[in-house]
There are 4 protein chains.
Amino acid sequence: MAPLNEEQLENIRNERKIQIMRAALKTFAENGIKLTKISLIAKEAGISHGLVYHYFKSKEEVLYESLEWAMELNETHEYLNELSKMSVSPLEKVRQFTKYALSSSKSENSHIFRVIQHLENTDGIPSHILDFTRNVGIMYVEFFIPIFIEGQEAGEFIQGDPEEIVGLFLTIISGVMADDPDFWHENMDRKIEIFMRMITTR
Amino acid sequence: MAPLNEEQLENIRNERKIQIMRAALKTFAENGIKLTKISLIAKEAGISHGLVYHYFKSKEEVLYESLEWAMELNETHEYLNELSKMSVSPLEKVRQFTKYALSSSKSENSHIFRVIQHLENTDGIPSHILDFTRNVGIMYVEFFIPIFIEGQEAGEFIQGDPEEIVGLFLTIISGVMADDPDFWHENMDRKIEIFMRMITTR
Amino acid sequence: MAPLNEEQLENIRNERKIQIMRAALKTFAENGIKLTKISLIAKEAGISHGLVYHYFKSKEEVLYESLEWAMELNETHEYLNELSKMSVSPLEKVRQFTKYALSSSKSENSHIFRVIQHLENTDGIPSHILDFTRNVGIMYVEFFIPIFIEGQEAGEFIQGDPEEIVGLFLTIISGVMADDPDFWHENMDRKIEIFMRMITTR
Amino acid sequence: MAPLNEEQLENIRNERKIQIMRAALKTFAENGIKLTKISLIAKEAGISHGLVYHYFKSKEEVLYESLEWAMELNETHEYLNELSKMSVSPLEKVRQFTKYALSSSKSENSHIFRVIQHLENTDGIPSHILDFTRNVGIMYVEFFIPIFIEGQEAGEFIQGDPEEIVGLFLTIISGVMADDPDFWHENMDRKIEIFMRMITTR
DNA sequence: TATGAATGAGGTTTCATTCAT
DNA sequence: CATGAATGAAACCTCATTCAT
């Protein structure tokens, strides 16, 4: 029988890699970097541990590629894009984002945030990975700074160094996302309203 | 030399246990449950790793006894006691507590919080321990509820279900404590002021 | 297209086997038995690793069949044949052979010697293979004995039991071949002259 | 009961390390670097594999320290020392050394030479180890150069670049040592006499 | 016939736990 | 009570071998 053609192989390969990366992100998010065993990732992906090494050189590479992949496809990017185009007030934009972040905090989408959170508390992570994730954080900060400035000018947000305020706000959100995700599902709107008071005037 | 009497031996034994538990809490707090090695605890305590097993049956038992011990003597209790007796406004009490919590987040005192945080993200913790730690949380909530009610009556705090608001506030604090402790040391007062806006009226 | 007939298929099959065996010998020679990975042989042969298992049952079988094949067609046989027919002195014959052996020690031709060398230092090789390779050694000894006797009669070679002297000479040559092959390329003629002094009269 | 005192511990530690290094050298010599499994070393030393890691950080460190240790205590050093002080002819010195080298080729003493031989044919050996072993080789060459020069002046040895001749001689000896050690035990004196002819005049 | 995806045994290394002293 | 030597289970990773296509 003829071997599979290049396209079919490419499909299998991609599917498998994604299958593994999805499982990896989930497992890294739940267990932290060091505690995630390759065997767990493999079990989560429904494959043998050996196959993980067919597609990735090492656990480290699984982590790194999974992060890259998740960043690329992370809906949050799209979401930020849409958000920046919406014709609503800066206040509303931030409120929407907060809701989005906290409501997704149990979904696949949030795994990457939790993994990044873990990364920062873990020793011995290669610097190229740390650089990568730090850039992600910086990207968020830079996305929100103009929105905050606009909000300050409109009198919606408190005064002060926008970078500092945005940093504080995102730090707290990410700290909270890593925490118990169920907490936020009950009465979410009310909770978010309280949360937002930190940065809103009025 | 006369042999030590029963009581003296018991004292020495207790001293040692405390020495180990103190070291254990610190190490568990910094590294998480699974990543904490007995040898690290022993080194932190300045003893041999073998000795740990004279006083505790297993790593798990070190963890549980350390938690129990820390809860019993946690200064935070004392601090809460003092706080409740202070003749300052509810707002000021909460501000003080917030500052205390965040500024201690690198001190011995905060270890227990971080360990509890770790516990909740770790599988296979026996339920009696989890119950135990959950009670800690409930205790805090119950401590602050009357203070919040008082503050609401004085018009200092926002209106709403006090239990819910206190829960939200403490959840965010604990999420934030598990995060990078250094973040809070810079400009702490300003950051706390922003943080407090969540619950204060204007 | 008409299907290939039985003979053509057999030819293709043989071509492939030879292609694999040639690659295997080289790889075994360079890396030793246990350290040679099937994937390396496959890469050297320019095929997929899976295909190796169509032609051979196991890595072991690749080794054995490769050895047998190489022995059958080893150019050295031809070379020895030519050598025996040359009308030069025994001394010159041995010198030529020595040069041939050492200069080929990086060529395909020498792979089999190096593999045999490896075999002798490897545990768990089935005895029929070991017998087989030992016979190779004996064959060489027997080839050279008459030449040495002739040389001794001509006063070119030192006196003594020819079998012992030939054994010694070949042992040293084979020990030396397994060593760094580059060493011999520099100043080869001078080195060989020194080497030959062992057995020549002055 | 009181713990062992420092001296007793030191004794145990040293004994164990030596026990492991002795086993390691033997195993490395017999199987090569890559093929030597820690479990084999442990079995040869009669201990558990875990204990090897109590005394050495890694397989690599076992190798390196074993080599260092073997070099330090290698009788060959002493032997060379004695040799240099003997009042015999250079020819006799070299003959003695040859005999010593070949007769020890199955003893513990020779393991180090075989290990070094393996090292040179193995990829991925850290350069500090290679440097170390190369220095060993250079040391031997430098030891023998003056003896050869003296021998040349006395007309005992063949003329030519002493460094080259010594290099050739030692290369052949080491190649031969790595080979079948039993071969040399029979009729050793006669074989050595033939071997020596390479470099002697007369 | 040919490919490479998939598996799992086996090797290295770490570390909780036991135990002789 | 105290030490650290010793063990072995379990994690990472490699690679011979099988198998669907």
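This one's a predicted model, so the numbers in the text were calculated from it and none came from an experiment.

Cut-offs and rules
- Residues numbered from 1 in each chain as written.
- Chains lettered and ligands numbered in written order.
- Predicted model: local features only at pLDDT ≥ 70, side-chain atom pairs only at ≥ 80, totals over all residues.
- Heavy atoms only, no water.
- Helix = DSSP H or I, 4+ residues; strand = E, 2+ residues; numbered from the N terminus.
- Buried < 20%, exposed > 50% of the residue type's maximum accessible area, 1.4 Å probe, protein only.
- Areas by Shrake-Rupley, 256 points an atom, 1.4 Å probe, with all protein chains shown as cover.
- Lys, Arg positive; Asp, Glu negative; His and termini not counted.
- Charge placed at Lys NZ, Arg CZ, Asp CG, Glu CD.
- Salt bridge = Lys/Arg side-chain N within 4 Å of Asp/Glu carboxyl O.
- Least-squares fit on C-alpha atoms with pLDDT ≥ 70 in both.
- Contact = heavy atoms within 4.5 Å.
- Buried area = accessible area lost by both parts, 1.4 Å probe.
- Nonpolar A, V, L, I, M, F, W, Y, C, P; charged D, E, K, R; others polar.
- Axes fitted to C-alpha atoms, helices over the stretch in contact; angles between N-to-C directions.
- Parallel < 35°, antiparallel > 145°, perpendicular 65-115°, else oblique.
- Left-handed = near helix turned anticlockwise from the far one by under 90°.
- Polar contact = N/O pair within 3.5 Å; in protein donor to acceptor, adjacent residues only side chain to side chain.
- pLDDT = per-residue confidence, 0-100.
- UniProt positions renumbered as here; feature names shortened; annotations may be inferred.
- Domains from an automatic or database assignment.

Q: Just give me the short version of the overall build of chain A, but keep the residues and values in it.
A: Scanning chain A from N- to C-terminus turns up ten helices and zero strands. Helices (α) and strands (β) of chain A occur, in sequence order from the N terminus, as α-α-α-α-α-α-α-α-α-α. Dimensions along the principal axes, computed over C-alpha positions, put chain A at roughly 70 × 35 × 35 Å. The buried share among the 202 residues of chain A stands at 51%. Accessible area of chain A: about 10,200 Å², with a carbon and sulfur share of 51%. Across chain A, the 21 positively charged side chains and the 32 negatively charged ones have centroids separated by 6 Å.

Q: Could you give an account of the pattern of salt bridges, naming the residues involved and the relevant values?
A: According to the stated counting rule, one finds 30 salt bridges over all chains in the structure shown. As a salt-bridge pair, E61(B) and K57(B) come within 3.5 Å of each other at their nearest N and O atoms. Its salt-bridge partner being R190(C), residue E164(D) comes within 2.8 Å of it at the nearest N-O pair. Residue E164(D) is located in helix 9 (residues 162–178), and its partner R190(C) is located in helix 10 (residues 188–196); the two belong to separate chains.

Q: Tell me about unusual backbone geometry, and name the residues and values.
A: A positive phi angle is found at N187(B), which is not glycine, with a value near 55 degrees. Tracing the sequence through the fold places N187(B) in the loop between helix 9 (162–177) and helix 10 (188–196).

Q: Outline the relation of the copies chain B and chain A, listing residues and values.
A: Both copies of the chain are related by a screw-like operation: a rotation about an axis and a shift along it. After a rotation of 175 degrees and a shift along the axis of 0.1 Å, chain B superposes on chain A with an RMSD of 0.9 Å. Those values place the two copies in the arrangement expected of a two-fold rotation axis. Both copies contact each other with a shared surface, as 97% of the interface residues of chain B are interface residues in chain A too.

Q: Please set out the interface of chain B and chain A residue by residue, giving values where relevant.
A: Contact with chain B, which involves 30 residues of that partner, is made by 32 residues of chain A. When the two sides are added together, the surface that chain B and chain A hide from each other amounts to roughly 2,600 Å², 60% of it contributed by carbon and sulfur. Three residues, E164(B), L168(B) and I194(B), lead the burial of chain B against chain A; their summed loss comes to 22% of the area buried on that side. Among the elements of the structure, helix 9 and helix 10 of chain B are those that each provide at least two residues to the side of chain B that touches chain A. The biggest single contributor to the side of chain B that touches chain A is helix 9 of chain B, with nine residues. In the side of chain B that touches chain A, the residues fall into 13 nonpolar, nine polar and eight charged.

Q: I'd like to hear about the packing of helix 6 (residues 90–103) of chain D against helix 9 of chain D, residue by residue, with values.
A: Residue and element names in this part refer to chain D. Running from N to C, helix 6 and helix 9 cross one another at 25 degrees; their axes reach a closest spacing of 10 Å. The angle between helix 6 and helix 9 falls in the class roughly parallel. Considering how the two elements wind past one another, helix 6 and helix 9 form a crossing that is right-handed. On the side of helix 6, the interface is formed by V94, F97, T98, A101 and L102, while helix 9 contributes F169, L170, I173, V176 and M177. Taken together, the residues of the contact of helix 6 with helix 9 break down into nine nonpolar, one polar and no charged.

Q: Could you give an account of the interface of chain C and chain D, with specific residues and numbers?
A: Between chain C and chain D, the residue contacts involve 30 residues of the former and 30 residues of the latter. Here chain C packs against chain D, burying approximately 2,600 Å² in sum over the two surfaces, 61% of which is carbon and sulfur. Contact with chain D buries surface across chain C, with E164(C), L168(C) and I194(C) losing the most and accounting together for 22% of the total. Across the contact surface, chain C and chain D share two salt bridges. In this assembly, chain C and chain D are joined by nine residue pairs in polar contact (both at pLDDT 80 or more). Going through the elements one at a time, helix 9 (162–178) and helix 10 of chain C are the ones with two or more residues in the side of chain C that touches chain D. In terms of residue count, the dominant contributor to the side of chain C that touches chain D is helix 9 of chain C (ten residues). Here the residues of the side of chain C that touches chain D sort into 13 nonpolar, nine polar and eight charged.

Q: Outline the confidence of the model for chain A, listing residues and values.
A: Across chain A, the average pLDDT comes to 86, with 96% of residues at or above 70. For chain A, per-element mean pLDDT is lowest for helix 7 (residues 108–120) of chain A, which scores 79, and highest for helix 3 (residues 49–55) of chain A, which scores 95.

Q: Quick one: what's the story with the UniProt feature "domain: HTH tetR-type" (unreviewed entry) in chain A, residue by residue and with numbers?
A: UniProt records the feature "domain: HTH tetR-type" (unreviewed entry) at residues 14–74 of chain A, using the numbering of this structure. Summarising residues 14–74 of chain A: 79% helix, 0% strand, and an end-to-end C-alpha distance of 17 Å.

Q: Can you tell me about the domain arrangement of chain A, naming the residues and giving the values?
A: It is common to give the size of an interface as the accessible area that goes away when the parts come together. Residues and elements named next belong to chain A. Taken domain by domain, chain A comprises domain 1 (6–69) and domain 2 (74–196). When each unit is reduced to the centre of its C-alpha atoms, the spacing between domain 1 and domain 2 is 27 Å. Summing both partners gives a buried area of about 1,300 Å² for domain 1 against domain 2, and 75% of it is carried by carbon and sulfur. On the domain 1 side of the contact with domain 2, A29, Y64 and L67 bury the most area, a combined 41% of that side's loss. Seen at the junction of domain 1 and domain 2, the total is zero salt bridges. For the interface between domain 1 and domain 2, the tally reads zero residue pairs in polar contact (both at pLDDT 80 or more). Classifying every residue of the side of domain 1 that touches domain 2 gives seven nonpolar, one polar and five charged.

Q: How would you explain helix 7 of chain A if you had to name every residue and give the values?
A: Each full turn of the α-helix corresponds to 3.6 residues, which orients residues three or four apart in the same direction. Residues and elements named next belong to chain A. Counting buried positions along helix 7 gives ten out of 13 residues, so the element sits mostly inside the fold. Within helix 7 the residues assigned to the buried category are N109, S110, H111, I112, F113, R114, V115, I116, Q117 and L119. On its buried face, helix 7 is in contact with helix 1 (6–31), helix 4 (59–73), helix 5 (75–85), helix 6 (90–103), helix 8 (127–153) and helix 9 (162–178).

Q: Talk me through the side chain of T27(B); I want residue IDs and the actual numbers.
A: When you line up the elements, T27(B) lands in helix 1 (residues 6–31). The contact partners of T27(B), leaving out residues within four places of it in the chain, are G32(B), T36(B), L40(B), I41(B) and E44(B).

Q: Please give an account of the environment of N74(D) that cites residues and values.
A: Residue and element names in this part refer to chain D. With respect to the secondary-structure elements, N74 resides in the loop between helix 4 (59–73) and helix 5 (75–85). On the accessibility criterion, N74 (5% relative accessible area) is buried. When the C-alpha atoms of N74 and I173 are compared, they prove to be 17 Å apart, with 99 residues separating the residues in sequence. Filtering out sequence-adjacent residues up to four positions away, N74 remains in contact with N109, I112 and F113.

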